[in-house]
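# Secondary and tertiary structure notes
One letter stands for each residue in the lines below.
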Amino acid sequence: MTSASTGPTGFTASTASTASEDSKAPTSSSTYRSLFRTAEFTPLFLGSAAHNGGGTVGGLALGTLVYRSTGSPLLSALSMFGPSLAQVLGATFLLSGADRLPPRTTLAAISLAFAVVTAAMALPGLPPAVLLGCVLLLGLVAALGGGVRWGLLTEILTKDGYLPGRSLFNMMSGLVQIAGYATGGALLAAVSPRTCLLLAAALYLTAAVVIRRGLGARPPRSAGRPSVAATWRTNALLWSSRPRRLTYLGLWLPNGLVVGCESLYVSYAPESAGTLFACGALGMLAGDLTVGRLLPPAVRRRAATPLLLLLATPYLFFFPHPPLALAAGCAAVASVGFGASLVQQERLMDLTPDELSGHALGLHSAGMLTMQGVGATLAGSVAQLTSPAHAMTLVAATSLVVTLLLATAGRRNRPAPTPTPSEP
């Protein structure tokens, strides 16, 4: 992560943190256990886990509810991943607040908003259009949450601690998804999707309480009021660097297309979608553990492209509509490739001034989720015309092509090595 004593033109450096350097986590060579001895890491971790649990259970319930009422793969995919489409609006209008709002209050308010809207979606008789409108509203709110959460993590941990910390958050997300999809699938067999939505609302409310009571009151990282103009100005600044542009595109495009494949699980195997999601989460957990703790730095820096190729390749085998066991295995192997995002985020932080870390990570999160919504829309549209299995194959092949193109552009971006005196 780049260290800058002064911010770029038009921006003020972050105010001093209330937490001292002594309370921050040790470097990345330390164990995961040491992270939990860091002040405020545990409540942020637990609050995020409860919020992710609400998203997992609520997303599966809503996708099932819409598919049962409409029979449409497209609408089912949009109900689960449609909120991601609203992320682009949040990144356009709200993202300056990621560094200019107090983190504790903002995160608690976002989880509370999710609880209220999710509970409202459990009301009987709501048409699919209203449900989709609600999830798009949640997506708009969530665009701000990613920047605030990950920007706060850079304050809580040392610079060297961000990668293992983010790896631990990703593994937590994988475990929560495994438990959430397994539990959600079992609950949907016994109770209605609306009951599962109420459970999701309770998890969101729990997240709001944990964050509000567990985190300290920190000042914003940057001075000034959040505004649309400030959001656009910082977005333009971050996008002006070609290495950052390529890093953002690598974080957004291959990932979003493969999530489009995942969005078709409900229509591919209506009675076993929870199994496919859980196996995918297990693979993601393995990938994050490998990248975050097992790969040495020299190997990790070169691992992004191979992992992105692994992310898409197994979905090519969905073309003949394999049996559930083989499909679940492919989903697990493919999701190991999600570990590429850790490598790319580390590079993004190396290219970004500290006082813009929250905005930069929020732009990454919002753009990634937006492309996931685009991928779900694309995959759902192709599935409407062909079949879910054929759509998965086509979208995965597109992800492979995009990954290879970005890898080629990245090699061209590297400066040529300086010749040594012994070289002609």
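In this text, all values refer to a predicted model and were calculated from it rather than measured experimentally.

Broken down by element type, the chain carries 19 helices and zero strands. Within the chain, contacts between residues at least 6 apart in sequence are counted, and of these 87% link residues at least 24 apart. Accessible surface computed for the chain: about 17100 Å², of which carbon and sulfur atoms make up 67%.

Angle between the axes and distance between the axes: these two values describe a pair of packed helices. It is at 8 Å that the axes of helix α2 (residues 41–70) and helix α9 (residues 193–214) come closest, and there the two elements cross at 165°. When the interaxial angle is binned, α2 and α9 end up roughly antiparallel. Considering the relative orientation of α2 and α9, their crossing is left-handed. In terms of residue class, the contact of α2 with α9 is built from 17 nonpolar, eight polar and two charged.

Turning to helix α16 (residues 324–335), a few remarks are in order. Between its terminal C-alpha atoms α16 stretches 16 Å, which fits the 16 Å expected from twelve residues at 1.5 Å a residue. Looking only at α16, the buried set comprises A327, A328, C330, A331, A332, A334 and S335. Packed against the buried residues of α16 are α11 (242–262), α12 (265–268), α13 (273–294) and α15 (304–312).

Turning next to the packing of aromatic side chains. The geometry of two aromatic rings is summed up by the distance between their centres and the angle between their planes. Applying the stated criterion across every chain, the model contains 13 aromatic pairs. Here the aromatic rings of W150 and F169 are separated by 5.3 Å at their centres, their planes lie at 85°, and the arrangement is edge-to-face. In this pair, W150 is assigned in helix α7 (residues 128–156) and F169 in helix α8 (residues 162–190), connecting sequence segments 19 residues apart. One exposure class covers both W150 and F169, and it is buried. Their ring planes at 70° and their centres at 4.8 Å tell us that Y265 and F277 sit as a pair that is edge-to-face. Taken together, the residues Y265 in helix α12 and F277 in helix α13 connect sequence positions twelve residues apart. F277 carries the same exposure label as Y265, and that label is buried. A network of ring pairs unites the aromatic residues F36, F41, F45, W150 and F169 as a single cluster.

Thresholds applied
- Residues numbered from 1 in each chain as written.
- Predicted model: local features only at pLDDT ≥ 70, side-chain atom pairs only at ≥ 80, totals over all residues.
- Heavy atoms only, no water.
- Helix = DSSP H or I, 4+ residues; strand = E, 2+ residues; numbered from the N terminus.
- Contact = heavy atoms within 4.5 Å.
- Areas by Shrake-Rupley, 256 points an atom, 1.4 Å probe, with all protein chains shown as cover.
- Axes fitted to C-alpha atoms, helices over the stretch in contact; angles between N-to-C directions.
- Parallel < 35°, antiparallel > 145°, perpendicular 65-115°, else oblique.
- Left-handed = near helix turned anticlockwise from the far one by under 90°.
- Nonpolar A, V, L, I, M, F, W, Y, C, P; charged D, E, K, R; others polar.
- Expected span 1.5 Å × (residues − 1).
- Buried < 20%, exposed > 50% of the residue type's maximum accessible area, 1.4 Å probe, protein only.
- Phe/Tyr/Trp six-rings, centres within 6.5 Å; stacked < 30°, edge-to-face > 60°.

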